[in-house]
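Breakdown of the fold
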Amino acid sequence: MRKKGILGLLAIAATAFLLVGCGKSSSSKTTTITVGASAVPHAQILKHIQPELKKEGVNLKIKVFQDYVLPNKALASKELDANYFQHIPFLDNWNKENHGTLVSAGAVHLEPIGVYSKKVKNLKDLKDGATVLVSSNVADYGRVLTIFKDAGLITLKKGTKLTAASFDDIKTNKKHLKFKHSYEAKLMPQFYKNNEGDAVVINANYAVQAGLNPSKDAITLEKSDSPYANIIAVRKGDQNKPAIKKLMKALRSKSTQTWIKKKYKGAILPVSSN
């Protein structure tokens, strides 16, 4: 009886050990990643996919940034595992200026940049010598120039590469428009609300954050085939990490695309997963 009792106790102990071991194994499968993001819509979209990622063993933490300066610095210094706020031209420009090696893990959505005005309802109605306020974000200059070029208001010098263009690349400007571009991107909605300038160019995320609906309030928006889709940026090599791949899969899933379309009513356009 004593021998059987000892064997029974040993069996119970072994079972308990295995259960504890299994518990540790299960918890070790959970990976935590921190993604830096602009408040709107990036952080909102990330929050939407948190439950889905949790099921996939990824604990997603979101750190909100209010500017375009700090997120890449934080990613490069390993304070973040990824960030979500920028497009490829912006990333390329940042890498060039900072000797960086950050890369894209994939595109998620397009925020169509738009022109807003309280003085005209059509871009072509701007008066001669009108002032157009633009942010100091160099990576967006090509987007702005494309809008005005497509409207027939300006032409560009031959050979101009739009993703690297500046206002010095304007060849003809038949209405003598004055492009002022020394302002922080986040301030542009306030300029519009204060009726400053004749037209104000605003990034969709800041427009939405300020209560504007780009598809309704802008007098014109960039076209949907724009190359300026917002991406998930990571350090070189990290795009192949399982947690990052799961992040991208969740962001580009059909259900997330549908949610983005309904949530932002055309102000934010999901990139097709096909």
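Residues numbered from 1 in each chain as written. Predicted model: local features only at pLDDT ≥ 70, side-chain atom pairs only at ≥ 80, totals over all residues. Heavy atoms only, no water.

Looking at an unreviewed UniProt entry, one finds the protein chain named Lipoprotein, with Lactiplantibacillus songbeiensis as its source organism. Database annotation for the protein chain, UniProt heading Sequence similarities (unreviewed entry): "Belongs to the nlpA lipoprotein family." Annotation of the protein chain in UniProt includes, under Subcellular location (unreviewed entry), the sentence "Membrane". (UniProt positions renumbered as here; feature names shortened; annotations may be inferred.)

Helix packing for two helices is described by the angle between their axes and how far apart those axes are. It is at 10 Å that the axes of helix H2 (residues 39-55) and helix H9 (residues 242-251) come closest, and there the two elements cross at 115 degrees. On the basis of the axis angle, H2 is roughly perpendicular to H9. In this structure, the crossing between H2 and H9 has a hand that is right-handed. Residues Ile 45, Leu 46, Ile 49, Glu 52 and Leu 53 of H2 form the contact with H9, whose own contacting residues are Lys 246, Leu 247, Ala 250 and Leu 251. Of the residues belonging to the contact of H2 with H9, the class tally is 7 nonpolar, no polar and 2 charged. (Axes fitted to C-alpha atoms, helices over the stretch in contact; angles between N-to-C directions. Helix = DSSP H or I, 4+ residues; strand = E, 2+ residues; numbered from the N terminus. Parallel < 35°, antiparallel > 145°, perpendicular 65-115°, else oblique. Left-handed = near helix turned anticlockwise from the far one by under 90°. Contact = heavy atoms within 4.5 Å. Nonpolar A, V, L, I, M, F, W, Y, C, P; charged D, E, K, R; others polar.)

To continue, consider the sheet that holds strand S12 (residues 230-235). Pairing is mixed in the open sheet, where 6 strands are placed in the order S2-S1-S3-S12-S4-S13. The sheet is open, and its two edges are formed by strand S2 (58-65) and strand S13 (269-270), each paired on a single side. Bridge analysis of strand S1 (residues 31-38) against S2 gives 8 bridges, and the strand direction is parallel. Within S2, the residue paired with Val 35 across the bridge is Ile 62. H2 rests against S1, S2, strand S3 (82-87), strand S4 (102-110) and S12 of the sheet, and its axis sits at about 170 degrees to S2. Packed onto the sheet, H9 meets S1, S2, S3, S4 and S12 and runs at close to 15 degrees relative to S4. (Pairing = 2+ DSSP bridges.)

So, about the nonpolar core. Counting residues in each nonpolar core, the largest one holds 26 residues, and the members touching the most others are Val 35, Leu 46, Ile 49, Tyr 84, Ile 232, Leu 247 and Leu 251. Elements represented by at least two residues in this core include exactly S1, H2, S2, S3, S12, H9 and helix H10 (254-264). Excluding its chain neighbours within four sequence positions, the residues that come into contact with Ile 49 are Leu 60, Leu 247, Ala 250, Leu 251 and Thr 256. In terms of nonpolar packing, the next biggest core, distinct from the first, is built from 25 residues, Val 120, Leu 156, Leu 177 and Ala 199 among them. (Core = buried A, V, L, I, M, F, W, Y, C linked by side-chain atoms within 4.5 Å. Buried < 20%, exposed > 50% of the residue type's maximum accessible area, 1.4 Å probe, protein only.)

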